[in-house]
Amino acid sequence: MSLPQFEVQQPQTLGEALKILSEVKGAEPIAGGTNLMVDMRAGTHQPRVVVDVAALRDLHGIEVTDTEVIIGAATTIAEMLESPILAKHATVLVKACSSFANALIRNRATVGGNLVTAAPCSDTAPALLTLDAEVKLASVRGMRRVPLEKFLVNAFSTIRRSDELLVSVRFRIPSATATGAFRKMGLRKVSCMAKVDVAVLLDGDTTGRCTSARIALAAASPVAVRARAAEAALVGKALTPEAIAAAAALAAKAAAPRAGSEYKLRVVEALVRRLLAEAALALTRGGSNA
Ligand SMILES: Cc1cc2nc3c(=O)[nH]c(=O)nc-3n(C[C@H](O)[C@H](O)[C@H](O)COP(=O)(O)OP(=O)(O)OC[C@H]3O[C@@H](n4cnc5c(N)ncnc54)[C@H](O)[C@@H]3O)c2cc1C
């Protein structure tokens, strides 16, 4: 299919981009274009005007403060993979990025585009959910910060208003002992969409007791979700095989696959059990940072 006619606007500043989004009816942002161009070619999405936000300085960079890591929305998956800040503070996210598509797509695809699309199989969403990330949205009316868990509403649906840009994603620096793990199950080992994604972030004390547990799933429900009951079942307990198996069974209850994909419940349970066991082992060795 050929592309329909559309106009491209290339604002130089965030302010200019927000003005266009507020004034031009039917204008839509584009970053890497790896989703939007595919949808436009397929005819499922037909914005009259696209606003190129890929080069906006305010949407770039990965920064660390005393307490937080902040990732600009137009940061590509490839840039996240190369970031020493994320390698130090958020290996769960780096692991998610390393299983993302292929090198060509990773060079263009952005974290903002991935979260705004809110596909059930988003790879960055479950990793960022375990980091308790927040997104920052901007419009001509001002800024607002929203927990990622509230931002993602349903399959391909978020609370973003049509005149808002996602500016950045941020999360508190995990404790130095917190240990993250991520696994994607797809039909191939590389360049495939997830059939199931699992991300975990565990922390514990020197006695082997779990002090914090975060577990998130993608592609096993309409949108990425936290498995809160499974998390609660671990906190305060020794990370024994029995406690891990019980939490994995609870995690499967947080999944809601489509009819015909019930096998995903068993995949979630098995992957959660495996990743929790790996993270628990890493914790006994002093943790490896998120
Ligand atoms: C071959 C192929 C393989 C893929 N593999 C994977 C994979 O393994 N894992 C995975 O998760 N995804 C995958 N995807 C999907 C896609 O690459 C990602 O979702 C990507 O992160 C989208 O980012 P983008 O910058 O290209 O978004 P775009 O296509 O530019 O935009 C997507 C949507 O987000 C909006 N948007 C973009 N940036 C902003 C912003 N800053 N503020 C507000 N709205 C914004 C756009 O208006 C549009 O609605 C794949 C796609 C292809 C074509």
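Residues numbered from 1 in each chain as written. Predicted model: local features only at pLDDT ≥ 70, side-chain atom pairs only at ≥ 80, totals over all residues. Heavy atoms only, no water.

## Overview of the overall build of the protein chain
The helix and strand tally for the protein chain stands at twelve helices and 14 strands. Relative to the 2.2 N^0.38 estimate, which gives 19 Å for 290 residues, the radius of gyration of the protein chain is 19 Å and therefore close to what a compact globule would have. For the protein chain, the spread of C-alpha atoms along the three principal axes comes to 60 × 45 × 30 Å. Buried positions account for 48% of the 290 residues belonging to the protein chain. A fraction of 62% describes how many contacts in the protein chain between residues 6 or more apart in sequence connect residues 24 or more apart. On the protein chain, roughly 13,600 Å² of surface is accessible, and the fraction owed to carbon and sulfur atoms is 54%. (Helix = DSSP H or I, 4+ residues; strand = E, 2+ residues; numbered from the N terminus. Rg over C-alpha atoms; globule rule 2.2 N^0.38 Å. Buried < 20%, exposed > 50% of the residue type's maximum accessible area, 1.4 Å probe, protein only. Contact = heavy atoms within 4.5 Å. Areas by Shrake-Rupley, 256 points an atom, 1.4 Å probe, with all protein chains shown as cover.)

## Section: the sheet that holds strand 3 (residues 49-52)
Ordered in space as 1-3-2, the three strands form an open sheet in which the pairing is parallel. Every interior strand has two partners, whereas the edge strands, strand 1 (7-9) and strand 2 (27-30), have only one. Neighbour-to-neighbour, the strand axes of this sheet turn through a mean angle of 30°, independent of strand direction. When strand 1 meets strand 3, the two strands line up parallel, connected through three bridges. Bridging from a neighbouring strand, Val8 pairs with Val50 of strand 3. Against the sheet, helix 1 (residues 14-23) contacts strand 1, strand 2 and strand 3, and its axis sits at roughly 145° relative to strand 2. (Pairing = 2+ DSSP bridges. Axes fitted to C-alpha atoms, helices over the stretch in contact; angles between N-to-C directions.)

## Some details on the environment of Ala256
With respect to the helices and strands, the residue Ala256 is situated in the loop between helix 11 (241-254) and helix 12 (263-284). A C-alpha to C-alpha distance of 18 Å links Ala256 and Met193, two positions 63 residues apart in sequence. Setting aside residues no more than four positions away along its own chain, Ala256 makes contact with Ala220, Ser221 and Pro222.

## Observations regarding the nonpolar core
Counting residues in each nonpolar core, the largest one holds 58 residues, and the members touching the most others are Leu86, Leu93, Leu115 and Leu128. Among all residues touching Leu86, those that are not within four sequence positions of it are Ile62, Val69, Ile71, Met80, Thr91, Leu93, Val94 and Phe171. (Core = buried A, V, L, I, M, F, W, Y, C linked by side-chain atoms within 4.5 Å.)

## Quick notes on helix 5 (residues 91-98)
With respect to burial, helix 5 is a largely interior element, six of its eight residues being buried. Inspection of helix 5 places Thr91, Val92, Leu93, Val94, Ala96 and Cys97 among the buried residues, and these make up the whole buried set.

## A short note on the site of the ligand
Lining the immediate environment of the ligand, one finds 30 residues, of which Pro29, Thr34, Asn35, Leu36 and Thr110 sit closest. Residue Ala31 places a main-chain N or O atom 2.8 Å away from an oxygen atom belonging to the ligand. Alone, the ligand offers 990 Å² of accessible surface; in the complex the protein occludes 89% of this. Those elements giving two or more residues to the shell around the ligand turn out to be strand 2, helix 7 (111-117) and strand 10 (165-172). When residues of the shell around the ligand are assigned to their parent elements, the largest contribution, four residues, is made by helix 7. Split by residue class, the shell around the ligand holds 16 nonpolar, nine polar and five charged. (Near = heavy atom within 4 Å. Polar contact = N/O pair within 3.5 Å; in protein donor to acceptor, adjacent residues only side chain to side chain. Nonpolar A, V, L, I, M, F, W, Y, C, P; charged D, E, K, R; others polar.)

## Topic: the pattern of salt bridges
Two side chains bearing opposite charge may form a pair once their charged atoms approach each other closely. If you walk through the whole model with that rule in mind, you get 14 salt bridges. Across the salt bridge formed by Glu164 and Arg161, the nearest N and O atoms sit 3.8 Å from each other. On the accessibility criterion, Arg161 (42% relative accessible area) is partly exposed. Between Arg226 and Glu231 there is a salt bridge; the shortest N-O distance is 2.6 Å. Of the two residues examined, Arg226 and Glu231, each falls in the buried class. Counted as one network, the salt bridges with shared partners bring together Glu68, Glu134, Arg145 and Arg170. (Salt bridge = Lys/Arg side-chain N within 4 Å of Asp/Glu carboxyl O.)

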